[in-house]
Amino acid sequence: MTTLFLTLSFSLVSLEEPQQPADLFISSPKSMETTEGKLKYVMEAGKERLFDHEGKEKVEIFFVAYFKQEAEDDRPLTFCFNGGPGSSAIWLHMGAFGPKRVEVKMEGGLTPPFETEDNPYTLLDYTDLVFVDPVSTGFSKAVKGEDPKQYYGVDEDIKLMSEFVRLYVTKKGRWNTPKYLAGESYGTARVIGMADYLFEKHRMSFNGLILISTATNLSWLRGAQPGHDLPYVFFLPSYTAAAHYHKRLPAKSRETVEEAIARSRSYAEGPYLLALMQGDQLPDNEKKQVADQLSLLTGISSDWIFSSNIRIDPLSFCEQLLRAEGKVIGRFDSRFSSGALEPHAETMDYDPSQDSIFIPYVAALNQYLRQEIGWDRGDEYRYLVNTSPWNYCRAGNVQMNMGSSLREILIRIPDFKVYSALGIYDMATPLLSQEYIFQHLNLSETQKKNIKQSHFPAGHMMYTDVSSLSRMKQELKPFFSRRK
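Attention in this report is confined to the structure presented alongside it. (Residues numbered from 1 in each chain as written. Predicted model: local features only at pLDDT ≥ 70, side-chain atom pairs only at ≥ 80, totals over all residues. Heavy atoms only, no water.)

Secondary structure summary: the protein chain contains 14 helices and 17 strands in total. For the protein chain, whose C-alpha radius of gyration is 23 Å, the value lies close to the compact-globule estimate of 23 Å for 484 residues. A buried classification covers 59% of the 484 residues belonging to the protein chain. Of the contacts formed within the protein chain by residues at least 6 apart in sequence, a portion of 71% connects residues at least 24 apart. Accessible surface, the protein chain as shown: approximately 19700 Å² in total, 48% of it carbon and sulfur. When the 54 basic and 62 acidic side-chain charges of the protein chain are each reduced to a single mean position, those positions are 4 Å apart. (Helix = DSSP H or I, 4+ residues; strand = E, 2+ residues; numbered from the N terminus. Rg over C-alpha atoms; globule rule 2.2 N^0.38 Å. Buried < 20%, exposed > 50% of the residue type's maximum accessible area, 1.4 Å probe, protein only. Contact = heavy atoms within 4.5 Å. Areas by Shrake-Rupley, 256 points an atom, 1.4 Å probe, with all protein chains shown as cover. Lys, Arg positive; Asp, Glu negative; His and termini not counted. Charge placed at Lys NZ, Arg CZ, Asp CG, Glu CD.)

Have a look at this one:
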């Protein structure tokens, strides 16, 4: 690890002497009712300035933090990041862990006003929270004269966000309190890398990671590459879950979605994988048998699957499943559906689950930031930006795969804990790809016990489902318990 992080191409430090955030807002005390009773807290929003070794300002990183009042001295602190890359922290902030949450409706609900309410399932009961917007997202930005693209890369981003955390912990005097990192989607790769980097570079140790919809190796999430067939295997159980939800499975109609997924997984990891491995050597009669079986597991026409060389791309599946009804299903959450813009398109032309989640969240957060937090400067809150081209290679020109970093953390820090949340209707980071990560870490039985994986009957952002969010909070309660 030492060699890896010392070969980064740029250097960034933060001046800790009387440098103050460019802007800072601290709220008056607030209170709310949660699942744990009455909670009193203070909110802080600001921009932290980061400087290089010569004292030149490079970036301003926007954050929103929440602190429980009258808290114990060893209260945990958790830093939260979303993914993209190019996403602000809006989703974990206003959907999962913060003291406010936005209501998402399965049908309709795309016109204001949108419901924002106290979040009784906030993790603020157990840990102080800091929601961080990476450079170019939210209100974070490179200062005038600095190119933000210098931070558009796996290692570049890890180092920048790690420096924010190091400085924040230092200023708040929290080096000796329990610390956690939470990430969603690409944010899971970010926080794994940050835990690794901060441990190696600064000997800052964390107590654990919260991984929502894990994406540690993006090559597992992309098909359409000759000879790269694992993604098709990984997506099959997720296709079955979607087909079961929309009542498109032609057989086993009385089985539960869990039973359908198990049946699909067995076929994916066995006969389907073996058939794909044969490539062009697979005889047409055997290919037809595979296509017929895939049709039974996905609700898609056997002829279409055969013509697609028994390889079903997720964007095509979203378009094909309800094609007869002129509908397309969601990629982030396959339970959502809406009318297709082009009924004869080969792949989905938009994601109805993205619309149903993004629109209310963006409206609610803008209202919240400007009216309740008081951040009313008229500047745009960039909830999601294009950070292309993003450098997905790490030092040594190695393609991003955070599995080795995760394994090393779990081995080197014996008490390190990992909580992984998986949505069965997620077709952005499919169920089987996330499980595969943890099945190939080569850990001892003792180390495996520090990992908890939970399946939720929801999508990529499983916390939009209230019952899933409630269960997640209860499962995370012991995660934050103090070790004796």
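In this section: the packing of aromatic side chains. Enumeration over the complete set of coordinates arrives at 28 aromatic pairs. Ring centres of Tyr245 and Tyr425 lie 5.6 Å apart, and the angle between their planes is 65°; on these two criteria the pair is classed as edge-to-face. Taken together, the residues Tyr245 in helix H5 (residues 230-245) and Tyr425 in the loop between strand S16 (417-423) and helix H12 (431-439) connect sequence positions 180 residues apart. Ring centres 6.5 Å apart and planes at 65° place the aromatic pair Tyr419 and Phe479 in the edge-to-face group. Of this pair, Tyr419 sits in strand S16 while Phe479 sits in the segment after helix H14 (466-476), placing them 60 residues apart in sequence. For Tyr419, a relative accessible area of 1% puts it in the buried group. (Phe/Tyr/Trp six-rings, centres within 6.5 Å; stacked < 30°, edge-to-face > 60°.)

Glancing now at the pattern of salt bridges. Tallied over the full model, the rule gives 28 salt bridges. With its nearest N and O atoms 2.0 Å apart, the salt bridge here joins Glu435 to Arg265. Highlighted residues: Glu435 in helix H12 and Arg265 in helix H6 (residues 257-277), separated in sequence by 170 residues. According to the relative accessible area criterion, Glu435 is buried, its value standing at 8%. Ionic pairing is found between Lys288 and Asp292, a salt bridge with its closest N-O pair at 2.8 Å. (Salt bridge = Lys/Arg side-chain N within 4 Å of Asp/Glu carboxyl O.)

Looking now at the pairing of strand S5 (residues 77-81). Most of S5 sits inside the fold, with 5 of its 5 residues counted as buried. Residues Leu77, Phe79 and Phe81 point to one face of S5 and Thr78 and Cys80 to the other, with burial holding for every one of them. Examined bridge by bridge, S5 and strand S8 (residues 128-132) share 4 bridges and lie parallel to one another. Counted as the bridge partner of Cys80 is Phe131 from S8. (Pairing = 2+ DSSP bridges.)

Attention now goes to unusual backbone geometry. Only a minority of non-glycine residues have a phi that is not negative, and only a minority of peptide bonds are not trans. Residue Pro85 follows Gly84 across a cis peptide bond; omega there is -5°. By the secondary structure assignment, Pro85 is in the loop between S5 and helix H2 (90-97). Residues Ser388 and Pro389 are joined by a peptide bond in cis, for which omega reads 0°. Checked against the element boundaries, Pro389 lands in the loop between helix H10 (352-373) and strand S14 (393-394). In the Ramachandran plot, Ser185 falls in the positive-phi region, its phi being about 55° despite a non-glycine side chain. Secondary-structure assignment places Ser185 in the loop between strand S10 (179-184) and helix H4 (186-202). Classification of Ser185 by relative accessible area gives buried; the value is 17%.

With that settled, consider the pairing of S16. In terms of burial, S16 is largely enclosed, as 7 of its 7 residues are buried. Neither face of S16 is left uncovered, since the one carrying Lys417, Tyr419, Ala421 and Gly423 and the one carrying Val418, Ser420 and Leu422 both have all their residues buried. Note: strand S11 (residues 208-212) against S16, 5 bridges, orientation parallel. Paired with Ile212 across the two strands is Ala421, which belongs to S16. Direction of pairing for S16 relative to strand S17 (residues 451-456): parallel, over a ladder of 6 bridges.

Take the side chain of Ser334 next. Tracing the backbone through its elements, the reader meets Ser334 in the loop between strand S12 (327-329) and strand S13 (337-339). Residue classification places Ser334 among the buried residues on the basis of a relative accessible area of 0%. In this view, Ser334 contacts Ala242, His246, Ile329, Tyr425 and Met427; residues no more than four positions away in its chain are not counted.

A separate point is the side chain of Ser356. One can find Ser356 in helix H10. Among the polar contacts listed, one links the side chain of Ser356 to the backbone oxygen of Pro352, at a separation of 3.0 Å. Look past the residues within four positions of Ser356 in its chain and what remains in contact with it is Val104, Lys105, Leu110 and Phe336. (Polar contact = N/O pair within 3.5 Å; in protein donor to acceptor, adjacent residues only side chain to side chain.)

Once that is clear, we can look at the environment of Ser88. Here Ser88 lies in the loop between S5 and H2. Separated by 52 residues in sequence, Ser88 and Ser140 place their C-alpha atoms 9.0 Å apart. Excluding anything up to four places from it in sequence, Ser88 contacts Asn82, Asp133, Thr137, Gly138, Tyr381, Arg382 and Tyr383. At 3.3 Å, the side chain of Ser88 forms a polar contact with the side chain of Tyr381.

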